[in-house]
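Reading the structure
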Amino acid sequence: MFTFSPFRLLSEEQEEVKGKRKTLVVILMGPPGSGKTTFCNDVMSSARRCWVRICQDTIANGKAGAKSQCLKSAADALKDGKSVFIDRCNLERDQRADFLRLGGAQADVHAVVLDLPARLCISRSVNRTGHEGNLQGGKAAAVVNRMLQKKELPQLSEGFSRITFCQNENDVKNAVKIYSALDLSDTLPSGVFGQRSKDAKVQLGIMKFLKKVEIPENETSGKCNVIDDNTCQDSIPRQETCGKDLCSMELEMENKDKKGSDSLEKSSVGDLSSNDVHTLAFPSISTADFQFDHEKASDIIVESVADFLRKVDNVRLVLVDLSHKSNILSLVRAKAAERNIDSKKFFTFVGDITQLYTKRGLRCNVIANAANWRLKPGGGGVNAAIFKAAGKSLEIATKERIETLSPGNSVAVPLPSTSPLYKFEGVTHVIHVLGPNMNPQRPNYLKNNYVKGCMVLRDAYSSLFEHFASISKSCLQREGSGDSRYNLSDPQSNLMEGTTSEQFPQSDQKIKREDPYDFERNKRSKGILTESSSKDKYNMQHGDHGFAESGINSDAPKSDDESRKTAVATKRTWGSWAQALYENAMHPEKHKNAVMEISNEYVVLNDRYPKAKKHILVLSRLHGLDCLADVQKEHLPLMKQLHAVGVQWAERFLSEDASLVFRLGYHSVPSMRQLHLHVISQDFDSTHLKNKKHWNSFNTAFFRDSTDAIEEIDKYGAAKINDEKLLTMELRCHRCRSAHPNIPKLKSHVANCKFSFPSHLLHNGRLVSASSKTVSEKP
DNA sequence: GTTCTAGAAC
DNA sequence: GTTCTAGAAC
């Protein structure tokens, strides 16, 4: 790879142009997260000439502005003799053409291409908060990938006098050094610097996207189902730096082939070149510490794999073990060959399952873990290695999803984007699997009962593969809709309802600090509570109680200003459009068409704009009880009654359609007057669910589960009210918690997501389903 | 060009 | 709560 040499600054070529005092227009190019702003700041902090950074995200008094404003500012700066950085993505030729016209007699135009791995950019974008471009969360992956697909590399013919490509952090550092060192009389040599290959007309990432870097089909076939140290070690360059694009390795491999050295085993090239395919890497379950018979286990693996591959297309399964002497790998390899299992769809692989990509070039977006029943780290072997490699965040994400696992089962856990396994290995999910145990020293010992043992092992693989298929399916759908393949399920989840501060203390508080609630923003003067409201009473009574403070709940300590606002606030007023439910409650006889059930205390009616297949309201008829914040201990019997009626209706719906799952609860701050309990099916399959507010009002802590509200009122005399700011949170699937850039994409994901509900919803009767009996026992 | 969001009006 | 719509995002 090209390395920069600052000493070229003093070349003869430069001497010639010294004294012309040309200013510079440096057009940065790179997707969000590639480090454009950092590059500018790094240069400017130690620059020897005067630079101005033009950023479209902040050009309009700190806010995003138009391209024309950028052009004007740049022209002005150049007139003043300053050099400018154009800090915007500029990935397409058209986008940067206008900026190129800034060049001329007085100014040279350079390009600095921050061509870093897409995953790194996505990971940075996802992680950052408060960025000028406001590109965070699940949106980032989609945007980065879409931008990269359209990327057109700069060419000198566009009018650049110099183009510098940076493909890793070191390249960036060198480029910063060069531009920092430039004083007003220096110029840099013209030409293209740092490009990977002189012949590369199209950048490799694009080539990979266009599937141009492929090994001919006939070279990929073969019976050999193994890639191990013998075939692979020398042929695949070991990567010292993480996140290197696979295509570069492929090219290097290809080049080696051309040179006639280090020729590759055909099978390994074939398998590795299809790294785009969704791949599950899994260890042999139960054959190590659980001492399951290898012959029987290998039979089951091969049968399970064959069954699965018959049903599911476009995926790859890889059985991994650490040593090429592995007995189970040999057995499976032989049996897979006997059964003529396609070696492109299933093969064995020797390597560390936690470093398949960085060390071996094999990208596996999902890996399986041979877990223990407590789903705890440690214990040695694969389990210890995976938990160690994934970091604490896997432990947390796992515990949040499920407490324990029984033999024959598995659980898929989306990896938080902060996990090194996610960042460097590209692993988006870990599926924990528990197999049968034949070791008397371990729990659930089966005493050599291989009838049961084989059954359990089959179940384990079948469960594992089903989870993998489900992940793959939802991912492919997103890819089909133009979304990112790396954003299989952005697992960064920090603000789900029920998420406690113990679980995500830092992330929650960080969000609170960095994005204080803009009280003035909501000009429509929403519900403001009186100083003696239930909400404040709750806070006064339970400020230091064991309840989780989510960090964005409204009962966080108030600033003086906020306290003043609360103190002077008056009882909420309701707009005319917010009176409809009140009318229904007071005069149900006038609304016979809408009303499904009437009693003295309540009215049941269909939500006029249902946000799911089934969505009804159980409306209190008590005058003066407008919302959850008004509820006090004296209303406890009423609350229980509303809940019981809601459950009855849910059960009625379940008798018609047992596939539904219901949740019952209140909006923290309702839009309509008159206390009403939502009974809503969890499919959210409705054309009326149209925006972020709709989604988040049912799928963040803004939605207060009826059972929790009742419990809190019983214990503390008031239910907790959570902040309306939750309604603006990023969109996350209520099942697998993946983030989605917009409502249509979220809805198409939700329509197919088969993940089990997060564990906190499975408790305290929060969900009512055909199989749950718990809820009817509740209040 | 189309899709999507978010603010204002009701 | 919804509808409408400008303009941002794609």
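In the block above lies the structure referred to throughout.
Rules of the game
- Residues numbered from 1 in each chain as written.
- Chains lettered and ligands numbered in written order.
- Predicted model: local features only at pLDDT ≥ 70, side-chain atom pairs only at ≥ 80, totals over all residues.
- Heavy atoms only, no water.
- Helix = DSSP H or I, 4+ residues; strand = E, 2+ residues; numbered from the N terminus.
- Contact = heavy atoms within 4.5 Å.
- Areas by Shrake-Rupley, 256 points an atom, 1.4 Å probe, with all protein chains shown as cover.
- Buried < 20%, exposed > 50% of the residue type's maximum accessible area, 1.4 Å probe, protein only.
- Pairing = 2+ DSSP bridges.
- Axes fitted to C-alpha atoms, helices over the stretch in contact; angles between N-to-C directions.

1. Some points on the overall build of chain A
Looking only at helices and strands, chain A has 27 helices and 22 strands in total. Restricting to contacts in chain A with at least 6 residues of sequence separation, those with at least 24 account for 73%. With an accessible surface of roughly 33,800 Å², chain A has 50% of that area assigned to carbon and sulfur atoms.

2. Examining the pairing of strand S1 (residues 23-29)
Every regular strand shows the same layout, with side chains that alternate between the two sheet faces. Where burial is concerned, most of S1 is hidden: seven out of the seven residues are buried. Relative to strand S4 (residues 107-114), S1 runs parallel, the two sharing seven bridges. Note that in S4 the partner of Leu 28 across the bridge is Val 112. Of the pairings in the sheet, the one linking S1 to strand S3 (residues 83-87) comprises three bridges and is parallel in character. When the sheet's bridge partners are listed, Ile 27 is paired in S3 with Ile 86.

3. Regarding the environment of Asn 699
Residue position: Asn 699 is located in helix H24 (residues 692-699). Counting along the chain gives 33 residues from Asn 699 to Arg 732, while the straight-line C-alpha distance between them is 8.2 Å.

4. Topic: unusual backbone geometry
A positive phi is found at Ser 286, a non-glycine position, where the angle reads about 75°. Looking at the secondary structure, you find Ser 286 in the loop between strand S8 (278-283) and helix H12 (294-311). The backbone phi angle of Asn 314 is positive, close to 60°, even though this residue is not glycine. Relative to the helices and strands, Asn 314 resides in the loop between H12 and strand S9 (315-321).

5. Thoughts on the sheet that holds S3
Across the sheet, six strands lie side by side as S2-S3-S1-S4-S5-S6; this open sheet has parallel pairing. Looking at which strands have only one partner, the edges of the open sheet turn out to be strand S2 (51-55) and strand S6 (191-193). Adjacent strand axes in the sheet meet at a mean angle of 15°, parallel and antiparallel pairs treated alike. As defined by bridge partners, S2 adjoins S3 across five bridges and the pair is classed as parallel. Bridging across to S3, Ile 54 finds its partner in Ile 86. Contacts from helix H3 (residues 67-79) reach S1, S2, S3 and S4, with the element oriented near 175° to S2. Contacting S1, S3 and S4, helix H4 (residues 93-100) runs over the sheet at an angle of about 170° to S1.

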